[in-house]
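# Observations on chain architecture
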Amino acid sequence: MDTLKIGMKSVLEWDVTEKLTTTRGDYKVFSTPSMCLFAEMAAHKLVEPHLKPGQGQVGLTVNIRHMAPTPIGKRVRAEVELTAIDRRKLTFHVNIHDDTEQVGEVTHERFVIDVDKYVERLKKKFST
């Protein structure tokens with residue numbers, strides 16, 4: 001995690017497939033829940049190579065502005081930038097485009113965790 005720096009950027013691209021769509025009238029379009037997942041995965045991809053062994057990451061918040069539809073079969077591109085680091089809390093800004101225009105804007109926070117501590121906490125929930 002020590003190698004993460006404010007201003008780092010990454011890009012992720014997805015094809016809009018059936019499972020990523022919702023229906024609007026006669027059309028299948030990229031859904032807002034899929035846009036949320038897309039933004040989270042873009043941020044995850046940026047962070048993952050910078051984590052130490054035993055560290056992981058979880059999402060904290062997602063604030064989405066879904067600005068325009070993207071039809072099934074098109075491609076979407078997430079341009080993610082790390083905008084703030086507060087100890088283990090990371091903040092990202094994600095712009096999402098299709099081949100025509102910007103279709104989304106997302107602010108996303110993630111938290112770097114110790115996987116062993118997380119798993120122990122999770123085990124307690126299963127045992128109660």
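Details of the structure are given in the entry above.
Computed from a predicted structure; not experimentally measured.

### Some details on the overall build of the chain
Summing up its helical and strand segments, the chain has two helices and seven strands in all. What you see in the chain, going N to C, is helices and strands ordered as β-β-β-α-β-β-β-β-α. Viewed in the frame of its principal axes, the chain has a C-alpha envelope of about 50 × 40 × 20 Å. Counting the 128 residues in the chain, one finds 35% classified as buried.

### Considering helix α1 (residues 32-47)
In this model α1 runs 23 Å from its N-terminal to its C-terminal C-alpha over 16 residues, within 8% of the 22 Å that 1.5 Å per residue would give. On the buried face of α1, the contacting elements are β1 (9-15), β3 (27-30), β4 (55-66), β5 (75-86), β6 (89-97) and β7 (102-114).

### Focus: the pattern of salt bridges
Scanning the entire structure with this criterion turns up 13 salt bridges. Between D86 and R87 there is a salt bridge, and its shortest N-O distance comes to 3.8 Å. Given the relative accessible area of 70%, R87 is considered exposed. The salt bridge partner of D114 is K117, with a shortest N-O separation of 3.7 Å. Residue classification places D114 among the partly exposed residues on the basis of a relative accessible area of 26%. Taken together, the shared-partner salt bridges in this structure form one network comprising E13, D15 and R75.

### A few points about the nonpolar core
Of all hydrophobic cores here, the largest spans 27 residues; its most connected members are F38, L90, F92, V94 and I96. Going through the elements one at a time, β1, α1, β5, β6 and β7 are the ones with two or more residues in this core. Looking at which element gives the most residues to this core, the answer is α1, with seven residues. When sequence neighbours within four positions are dropped, the list of residues in contact with I96 reads M35, F38, V76, R77, A78, E101, Q102, V103, G104 and V106.

### A word on the sheet that holds β5
In any sheet, the strands associate via hydrogen bonds between backbone groups, in a parallel or an antiparallel arrangement. Strand order in the open sheet formed by five strands is β1-β5-β6-β7-β4, with antiparallel pairing between adjacent strands. What marks the edges here is a single partner per strand, and that holds for β1 and β4. Put simply, the sheet's adjacent strands are angled 25° from each other on average, direction ignored. The sheet contact formed by β5 and β6 spans nine bridges and is antiparallel. Considered in β6, the bridge of E79 is made with N95. Packed onto the sheet, α1 meets β1, β4, β5, β6 and β7 and runs at close to 140° relative to β1. With respect to the sheet, helix α2 (residues 115-127) is in contact with β4 and β7, its orientation differing from that of β7 by roughly 90°.

### What about the side chain of R110?
Inspection of the secondary structure puts R110 in strand β7. Note on R110: relative accessible area 4%, which makes it buried. There is a polar contact of 2.7 Å between the side chain of R110 and the side chain of Q57. Among residues more than four places away in sequence, those in contact with R110 are E40, A43, H44, Q57, V58, G59, L60, R88, K89, L90 and F92.

What counts and what doesn't
- Residues numbered from 1 in each chain as written.
- Predicted model: local features only at pLDDT ≥ 70, side-chain atom pairs only at ≥ 80, totals over all residues.
- Heavy atoms only, no water.
- Helix = DSSP H or I, 4+ residues; strand = E, 2+ residues; numbered from the N terminus.
- Buried < 20%, exposed > 50% of the residue type's maximum accessible area, 1.4 Å probe, protein only.
- Expected span 1.5 Å × (residues − 1).
- Contact = heavy atoms within 4.5 Å.
- Salt bridge = Lys/Arg side-chain N within 4 Å of Asp/Glu carboxyl O.
- Core = buried A, V, L, I, M, F, W, Y, C linked by side-chain atoms within 4.5 Å.
- Pairing = 2+ DSSP bridges.
- Axes fitted to C-alpha atoms, helices over the stretch in contact; angles between N-to-C directions.
- Polar contact = N/O pair within 3.5 Å; in protein donor to acceptor, adjacent residues only side chain to side chain.

Any functional reading would require information that these geometric values do not contain.
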